[in-house]
Amino acid sequence: HLMIFNKVVKSIQNDGMYVTMKKINHLFFLFFRRIYWKSKYFFNLLLGKNGRYVNHKYAKEFDITFYTPSWRSWMRAVLAHEKENITQSWIKNMSANEVLWDIGANVGVFSLLAAKLRVKVVSFEPLYTNYHNLCRTIELNKDIAKLITVLPIAVSNKSMVNYFFIPSSEAGFSGSSFGEPINEQGEKLNYLYKTAVLGMSGDDVQKLLPDDLSGPDYIKIDVDNIEHKIIQGLEDVIKNQNLKSVLIEMNDEWLEKKIYIVSILNANGFVNHIADREPTVLDRPCTTYNYIFRRK
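Residues numbered from 1 in each chain as written. Predicted model: local features only at pLDDT ≥ 70, side-chain atom pairs only at ≥ 80, totals over all residues. Heavy atoms only, no water.

Engineer: So what exactly am I meant to see when it comes to a nonpolar patch on the surface here?
Structural biologist: Side chains of Ile-12, Met-17 and Met-21 sit close together on the surface and give an oily, nonpolar patch of about 270 Å² of accessible area. With respect to the helices and strands, Ile-12 occurs in helix α1 (residues 2-15). Taking the relative accessible area as the measure of exposure, Ile-12 reaches 32% and is therefore partly exposed. (Patch = residues over 30% accessible without salt bridge, like charges linked within 9 Å, V, L, I, M, F, W, Y side chains within 5 Å. Areas by Shrake-Rupley, 256 points an atom, 1.4 Å probe, with all protein chains shown as cover. Salt bridge = Lys/Arg side-chain N within 4 Å of Asp/Glu carboxyl O. Helix = DSSP H or I, 4+ residues; strand = E, 2+ residues; numbered from the N terminus. Buried < 20%, exposed > 50% of the residue type's maximum accessible area, 1.4 Å probe, protein only.)

As structure tokens, then:
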């Protein structure tokens, strides 16, 4: 309690009373939201529906059955059709047999949407629980199983084995970090444990994939702190004229990293328009946005 009190006092001194109260209000919101979704999840268990959830509203076009071993993965399945509408529209404009690389796929919400539209997807997900979750979900959707290739590797700027820092291994969790324990704000990451995983540059991945998957038409990057390294390791891929567009999640407060990413994409002929920007969440203050860069 003393530690919490000291943090509140420090926040008032540094940011003022108004900002501090907004922070406290936000924490209460997150606390009660978690209680709400956990209650719904456990009620679902009582009804004997544990293990899977069919989203009948997904993209308002078709059903997707999600494997849901945890409340977080279940919540992602329930809200899949409500997430990031500009990102959904970006995927819906892809054509059948085009190739999407989904870097940081998590449990596959957007990989599955693309595959339902007959897009060929390569999903990269190094957190073992999310990798397993996505593979199980693909098993439940046999009509798209052949369209998604899932790789349990971390995409970075070079190919090597390095530590993967994990705050939580619950399926559906995001926020782990490859290479260094830093969160998306550039601050020290509080993690429970670390494990070693294979990291590869996108350029090296391209050399190893089958020809029909090696030259992506689209790339989606949602990782949490090493977006700049991923872009650095995609030098040859980005230069390929087949690549039409890159969607990348960036924190506006980490300005140095954002400037670096934008400069590389601009130098290779990609531009971002004001309509191609959306916050990653709508129900609370947010500094993280999805930016879509399209080739001029």
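Engineer: When you look at the packing of helix α4 (residues 85-92) against helix α5 (residues 109-116) in this model, what are you seeing that I'm missing?
Structural biologist: In helix packing, the relevant descriptors are the interaxial angle and the interaxial distance, both defined with respect to the helix axes. It is the contact of α4 with α5, at a shortest axis distance of 9 Å, that shows an interaxial angle of 30 degrees. The handedness of the crossing between α4 and α5 comes out as right-handed. Contacts from Thr-87, Gln-88 and Ile-91 in α4 reach Phe-110, Leu-113 and Ala-114 in α5. (Axes fitted to C-alpha atoms, helices over the stretch in contact; angles between N-to-C directions. Left-handed = near helix turned anticlockwise from the far one by under 90°. Contact = heavy atoms within 4.5 Å.)

Engineer: I tried to follow the sheet that holds strand β7 (residues 160-166) on my own but got confused; where do I start?
Structural biologist: The strands making up a sheet associate through backbone hydrogen bonding, with each pair oriented either parallel or antiparallel. Spatial ordering of the open sheet is given by β6-β9-β7-β8, a layout of 4 strands whose pairing is mixed. The open sheet has two edge strands with one neighbour each: β6 (154-156) and β8 (177-178). Bridge analysis of β7 against β8 gives 2 bridges, and the strand direction is antiparallel. Residue pairing for β8: Phe-164 is matched across the bridge by Phe-178. (Pairing = 2+ DSSP bridges.)

Engineer: Quick question: what am I supposed to make of the pattern of salt bridges here?
Structural biologist: If charged atoms from side chains of opposite charge come close, those side chains can pair. Considering all chains together, one arrives at 14 salt bridges under this definition. Residues joined in a network through salt bridges with shared partners are Glu-98, Asp-217 and Lys-244.

Engineer: For this particular structure, what's the right way to read the nonpolar core?
Structural biologist: Most often, soluble globular proteins have nonpolar side chains that are buried together. Ranked by internal contacts, the top residues of the largest apolar core, which has 37 residues, are Trp-101, Ile-219 and Ile-221. Other than its neighbours up to four places away in sequence, Ile-219 contacts Trp-90, Leu-100, Trp-101, Ile-103, Leu-234, Val-237, Leu-243, Ser-245, Val-246 and Leu-247. Ala-77, Leu-112, Leu-134 and Ile-144 belong to the second-largest nonpolar core, a separate cluster that totals 29 residues. (Core = buried A, V, L, I, M, F, W, Y, C linked by side-chain atoms within 4.5 Å.)

Engineer: Would you mind showing me how to read the side chain of Thr-87 here?
Structural biologist: With respect to the helices and strands, Thr-87 occurs in helix α4. Side chain to side chain, Thr-87 and Glu-278 meet in a polar contact 2.6 Å long. Sequence-distant contacts of Thr-87, that is, excluding residues within four places in its chain, are made with Phe-110, Lys-220, Leu-247, Glu-278 and Asn-290. (Polar contact = N/O pair within 3.5 Å; in protein donor to acceptor, adjacent residues only side chain to side chain.)

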